[in-house]
Amino acid sequence: MKRLLLHRVAMGMSRAHPTAGTGSRALEPGTPDLSDPISFSQRRLVAPSRGRNLQKMPVLSRRVLCAALLLAPLAALLFRFSIHSLLKPHTAMDPDSELEFEMPHVLRMYKSGRVERFDGTETVPPSPAGDPANGVASKDVVLDPAANISARLYLPPGLEPGKKLPVVLFFHGGAFLVHTAASPLYHMYAASLAAATPAVVVSVDYRLAPEHRIPAAYDDAFAALKAVVAACRAELDGAEAEPWLAAHGDVSRVVLAGDSAGANMAHNVAIRLRKEGIQGYGDAVSSVVLVHPYFWGREPLGAEPTDAAYRSIFDPTWGFVCGGKYGLDHPYINPMASPEEWRQLGCRRVLVTTADQCWFVERARAYAEGIKKCGWEGELEFYETKGEGHVYFLPKHGSDNAVKELAIVADFVRRC
């Protein structure tokens, strides 16, 4: 291969620099022909003392020798490149460096299966003695040892013994990919909700994709609901259970809530509850709160952008988190596409909140408008914040709009 390459280079040089044609001026003996690269190279590269000996060589031999002198550096360079490639293979061929999926600034997955997370990795500890900001106590518990379901519980201050409160089973957002109940933003939000309502808040840790694809998160969420119901009923059943839930959890006022992907989970748990029920409890919770819910679909809805480049940001994400098992119009991600299933939502009341600059605002509006049309019988409330984006209340915690939206959620839960 190298020999052929060198030959082609040599041939290219001779074509690029032709010798003098017919009718050219004859040269005096010993005078270098500058139009002939070989003749010129002889004079330039060969010492004068050897010039006469070189001239005695056959013309073909002189040309081969000079071509070799000119091409030797190129051959050496090619040789070094080849050796370097053998010693250090190209990283693009390494499955541990080739990307399979990337959500910029959030997560990367490589073809080897290695996952890097850049968001939602920071955690804060609970405050068993009470948060200095609002007095809310928090602790980490295992809700279901058999299913390995854990959560962070929040209890508002100043409760009388035996005082029963609504129980908010909260599912954090993060595209099913990042964050935990201990993430600073969600720790702050859950504690604030517990204080504002007041309510016992159970912020669930669930398995994340891509290590655990959908429906793993839904399975964990439903298992958490069953564990919370059992704990709140412990006094009635005479069983041992988590003391905060047993003492203060009102099993008749359980609320499924979440933001973004967590709101998607709250919706799907309520659907599953109606289908399967929980023994001794029934097939409906008191309420569902969908905060900036993450829903999507194959076709643009309302004023959603139709630009393919825009939709290509969101379309692949769902396929990635579910491993391609469910399409973009599956009821998990697009309840509007399956009204017959939507009407089975297992609750009596629904609150939907969104923001006019949210990526999924059209989906939230359509949910609020369509849930009554699909045949579901219950109470609906809808709240939209102007001038804000998706889950703005997390990074802008304490802003006027965030405080107002939290008050809407707290008031809805308080009235359940």
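For the structure, see preceding data.
Residues numbered from 1 in each chain as written. Predicted model: local features only at pLDDT ≥ 70, side-chain atom pairs only at ≥ 80, totals over all residues. Heavy atoms only, no water.

Some words on the overall build of the protein
The helix and strand tally for the protein stands at 13 helices and eleven strands. Across the 416 residues of the protein, 45% fall into the buried class. Summarising the internal contacts of the protein: among those between residues at least 6 apart in sequence, 71% fall at separations of at least 24. In the structure as shown, the protein presents an accessible area of about 21,000 Å², 57% of it carried by carbon and sulfur atoms. (Helix = DSSP H or I, 4+ residues; strand = E, 2+ residues; numbered from the N terminus. Buried < 20%, exposed > 50% of the residue type's maximum accessible area, 1.4 Å probe, protein only. Contact = heavy atoms within 4.5 Å. Areas by Shrake-Rupley, 256 points an atom, 1.4 Å probe, with all protein chains shown as cover.)

Some thoughts on the nonpolar core
Across soluble globular proteins, nonpolar side chains have a tendency to be buried as a group. Among the nonpolar cores identified, the biggest contains 110 residues, and Leu-225 and Trp-318 are the most heavily contacted of them. When near neighbours in sequence (up to four residues on either side) are disregarded, Leu-225 contacts Leu-169, Val-254, Leu-256, Val-269, Leu-273, Ile-278 and Val-285. (Core = buried A, V, L, I, M, F, W, Y, C linked by side-chain atoms within 4.5 Å.)

Observations regarding the sheet that holds strand S11 (residues 379-389)
The eight strands are arranged S4-S5-S7-S6-S8-S9-S10-S11 in an open sheet whose pairing can be described as mixed. In the strand order of this sheet, the two ends are held by strand S4 (137-144) and S11, each with one partner. With strand direction ignored, the average angle separating the axes of adjacent strands in the sheet is 20°. Here strand S6 (residues 165-171) runs beside strand S8 (residues 249-259); their pairing, made up of six bridges, is parallel. Opposite Leu-169, over in S8, you have Leu-256 as the bridge partner. Where helix H5 (residues 184-196) meets the sheet, its contacts fall on S4, strand S5 (149-155), S6, strand S7 (200-205), S8 and strand S9 (285-291), and the angle it forms with S5 comes to roughly 50°. Its contacts with the sheet put helix H12 (residues 361-373) on S9, strand S10 (347-357) and S11, and the angle it makes with S10 is roughly 150°. (Pairing = 2+ DSSP bridges. Axes fitted to C-alpha atoms, helices over the stretch in contact; angles between N-to-C directions.)

Structural notes on empty space enclosed by the protein
Inspection of every chain in the model, using the stated rule, returns one cavity of 30 Å³ or more. Estimates place the volume of the largest cavity at around 40 Å³. Of all the elements in the fold, those that place two or more residues in the lining of the largest cavity are helix H9 (261-276) and helix H11 (339-342). In the lining of the largest cavity, the residues fall into four nonpolar, two polar and one charged. (1 Å grid on protein atoms, 1.4 Å probe; cavity = no way out; pocket = protein on both sides within 12 Å on 5 of 7 lines; lining within 4 Å. Points joined across faces, edges and corners; volume = space filled by probe spheres on them. Nonpolar A, V, L, I, M, F, W, Y, C, P; charged D, E, K, R; others polar.)

Let's talk about unusual backbone geometry
Cis geometry marks the peptide bond from Ala-209 to Pro-210, where omega comes out at 5°. Structurally, Pro-210 is set in the loop between S7 and helix H6 (216-232). Of note, the bond from Ile-214 into Pro-215 is cis; its omega dihedral lies within 30 degrees of zero at 20°. Secondary-structure assignment places Pro-215 in the loop between S7 and H6.

Here we look at the pairing of S6
Every other side chain in a regular strand lies on the same face of the sheet, so the side chains alternate between the two faces. The buried fraction of S6 amounts to seven of the seven residues, a majority that puts the element mostly inside the structure. A crossover connection joins S6 to the parallel S7 through H5; in handedness this β-α-β unit is right-handed. (Right-handed = clockwise from strand over helix to strand, strands pointing away.)

A closer look at the layout of surface pockets
Its boundaries defined by the atoms lining it, the largest pocket holds a volume of some 680 Å³. As for the largest pocket, its lining consists of 29 residues, and the residues nearest its centre are Met-103, Val-106, Ala-175, Trp-359 and His-390. Broken down by secondary-structure element, the contributors of at least two residues to the lining of the largest pocket are strand S1 (99-103), H5 and helix H10 (308-321). Each residue belonging to the lining of the largest pocket can be placed in one class, and the counts come to 19 nonpolar, seven polar and three charged.

Notes on the sheet that holds strand S2 (residues 107-110)
The strand order S1-S2-S3 describes an open sheet built from three strands, whose pairing is antiparallel. Among the strands making up the open sheet, the edge pair consists of S1 and strand S3 (115-117). When the angles between neighbouring strand axes are averaged without regard to direction, this sheet yields 5°. Inspection of the sheet shows S1 paired to S2 by four bridges, in the antiparallel sense. Looking at S2, one finds that Phe-101 is bridged to Met-109. This element, H10, spans S1 and S2 of the sheet and lies at about 120° to S1.

What about the pattern of salt bridges?
Scanning all chains against the criterion turns up 24 salt bridges. A salt bridge links Glu-276 to Arg-272; its shortest N-O distance comes to 3.1 Å. Residue Glu-276 and its partner Arg-272 are both found in helix H9; the two are separated by four residues, about one turn of the helix. For the salt bridge of Glu-304 with Arg-311, the shortest nitrogen-to-oxygen distance reads 3.3 Å. A single burial state applies to Glu-304 and to Arg-311, both of which are buried. Among the charged side chains, a network of salt bridges with common partners joins Asp-96, Glu-102, Arg-108, Arg-114 and Glu-116. (Salt bridge = Lys/Arg side-chain N within 4 Å of Asp/Glu carboxyl O.)

Considerations on H9
Within an α-helix, residues lying three or four positions from one another point in the same direction, as the helix has 3.6 residues per turn. For H9, which comprises 16 residues, the first-to-last C-alpha distance of 22 Å matches the rise-based estimate of 22 Å (1.5 Å per residue) to within 8%. With twelve of 16 residues buried, H9 is to be regarded as a mostly interior element. Among all positions of H9, only Ala-261, Gly-262, Ala-263, Asn-264, Met-265, Ala-266, His-267, Asn-268, Val-269, Ala-270, Ile-271 and Leu-273 are buried. Considering only its buried residues, H9 is in contact with S6, H6, S8, S9, H11 and H12. A positive phi of about 65° marks Gly-277, the residue just after H9. (Expected span 1.5 Å × (residues − 1).)

A short note on the side chain of Glu-242
Among the secondary structure elements, Glu-242 is positioned in the loop between helix H7 (234-237) and helix H8 (243-248). Looking at Glu-242, its side chain comes within polar contact range of the side chain of Lys-139, at 2.5 Å. (Polar contact = N/O pair within 3.5 Å; in protein donor to acceptor, adjacent residues only side chain to side chain.)

Here we look at the packing of aromatic side chains
Under the definition given, this model contains 19 aromatic pairs. Connected via pairs of aromatic rings, a cluster forms that spans Phe-176, Tyr-218, Tyr-294, Trp-296, Tyr-310, Phe-314, Trp-318, Tyr-326, Tyr-332, Trp-359 and Phe-360. Across from the ring centre of Trp-244, 4.3 Å away, lies the NZ or CZ of Lys-139, which sits over that ring. One residue, Arg-349, lies across the ring of Phe-412, its end atom 3.8 Å from the ring centre. (Phe/Tyr/Trp six-rings, centres within 6.5 Å; stacked < 30°, edge-to-face > 60°. Lys NZ or Arg CZ within 6 Å of the ring centre and 35° of its normal.)

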